[in-house]
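If you want the building blocks of each chain, they are given just below.
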Amino acid sequence: SAERGILLYGTDDVIVRNMTVGEMCRGGIMNGYSASIGGRNSNTSFIDNVVDAKYTLDYSGTLQNSSTSEQFGGEDGIRYTDCVDGEVSGNYTKNWGHAGISMTATTSTSNVIDNIKIFDNTLTSPDVAYGGRFVAEYEFRNSEIYNNTFIDLKNHCHLNGNNNTYSGNTFENISLSPI
């Protein structure tokens with residue numbers, strides 16, 4: 001499988017719109033890699049995309065074949081790791097082994113995610129045993145998350161970070177992972 005469908009780092013003022021991405025990839029769209037590699041992204045947006053892993057088996061936590069080192073299985077549909085200003089809206093993510101949308105910036109790499117508007121997205125993972133959720137962790141801050149639909153997920157969402165606003169989101173059929 002491919003490493004990532006789309007990878008952006010060191011970019012400014014980019015909009016990815018009306019794309020279909022992620023089939024059999026380890027990750028669909030990755031925005032920012034590390035402030036130390038390529039620089040921080042600013043004003044990058046993902047609008048009206050279909051980010052479907054196309055996996056119907058769960059490969060969570062087994063993303064590498066120990067005998068061949070081949071990587072497989074889906075991690076995150078849309079992942080921000082280092083970005084200031086942007087929008088994630090109108091996207092449909094399906095069957096990702098960790099998260100449909102992940103906002104994860106760690107202080108150990110000096111990454112920051114700041115001032116992102118996340119709205120009108122649908123996240124679902126009906127065909128895998130774990131994942132598909134929304135994850136917001138560590139240095140994710142000053143952002144708005146609203147009017148999203150989280151349906152048929154096999155794990156809870158992480159709503160962490162600092163100074164973020166969550167409103168009008170719908171959570172339906174969220175269950176514990178059987179694994």
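Residues numbered from 1 in each chain as written. Predicted model: local features only at pLDDT ≥ 70, side-chain atom pairs only at ≥ 80, totals over all residues. Heavy atoms only, no water.

Draft legend 1. Highlighting the sheet that holds strand β13 (residues 133-138). The strand order β1-β4-β7-β10-β13-β17 describes an open sheet built from six strands, whose pairing is parallel. For this open sheet the edge positions go to β1 (4-8) and β17 (158-159), each flanked by a neighbour on one side alone. As defined by bridge partners, β13 adjoins β17 across two bridges and the pair is classed as parallel. From the neighbouring strand, V135 faces β17, where its bridge partner is H158. (Pairing = 2+ DSSP bridges. Helix = DSSP H or I, 4+ residues; strand = E, 2+ residues; numbered from the N terminus.)

Draft legend 2. Fine view of the sheet that holds strand β9 (residues 92-94). The six strands lie next to each other as β3-β6-β9-β12-β16-β19, forming an open sheet whose pairing is parallel. The open sheet has two free edges, formed respectively by β3 (20-21) and β19 (170-174), since each of these has just one partner strand. As judged from the three bridges shared by strand β6 (residues 50-52) and β9, these two strands associate in the parallel manner. Bridge pairing in β9 places V50 opposite Y92.

Draft legend 3. How the structure looks around the environment of E144. Its place among the elements puts E144 in strand β15 (residues 144-146). We classify E144 as partly exposed; its relative accessible area is 35%. If near-sequence neighbours (up to four positions away) are discounted, E144 is found in contact with I116, K117, I118 and T165. Only 3.1 Å separates the side chain of E144 from the side chain of K117, close enough to count as a polar contact. (Buried < 20%, exposed > 50% of the residue type's maximum accessible area, 1.4 Å probe, protein only. Contact = heavy atoms within 4.5 Å. Polar contact = N/O pair within 3.5 Å; in protein donor to acceptor, adjacent residues only side chain to side chain.)

Draft legend 4. Structural detail: the pairing of strand β16 (residues 149-153). As defined by bridge partners, strand β12 (residues 122-124) adjoins β16 across three bridges and the pair is classed as parallel. Note on β16: the bridge partner recorded for T122 is T149. By the bridge criterion, four bridges tie β16 to β19 in an arrangement that is parallel. Following the sheet pairing, T149 is matched in β19 by T170.

Draft legend 5. Focus on the nonpolar core. Ranked by internal contacts, the top residues of the largest apolar core, which has 29 residues, are Y80, M103, I118 and F134. Of all the secondary-structure elements, those providing two or more residues to this core are β1, β7 (76-80), β8 (83-89), β10 (99-105), β11 (113-119), β13 and β16. Ignoring any residue separated from it by four or fewer positions in sequence, one finds M103 in contact with Y80, V88, I113, I116, I118, F134, V135, A136, E137 and F140. (Core = buried A, V, L, I, M, F, W, Y, C linked by side-chain atoms within 4.5 Å.)

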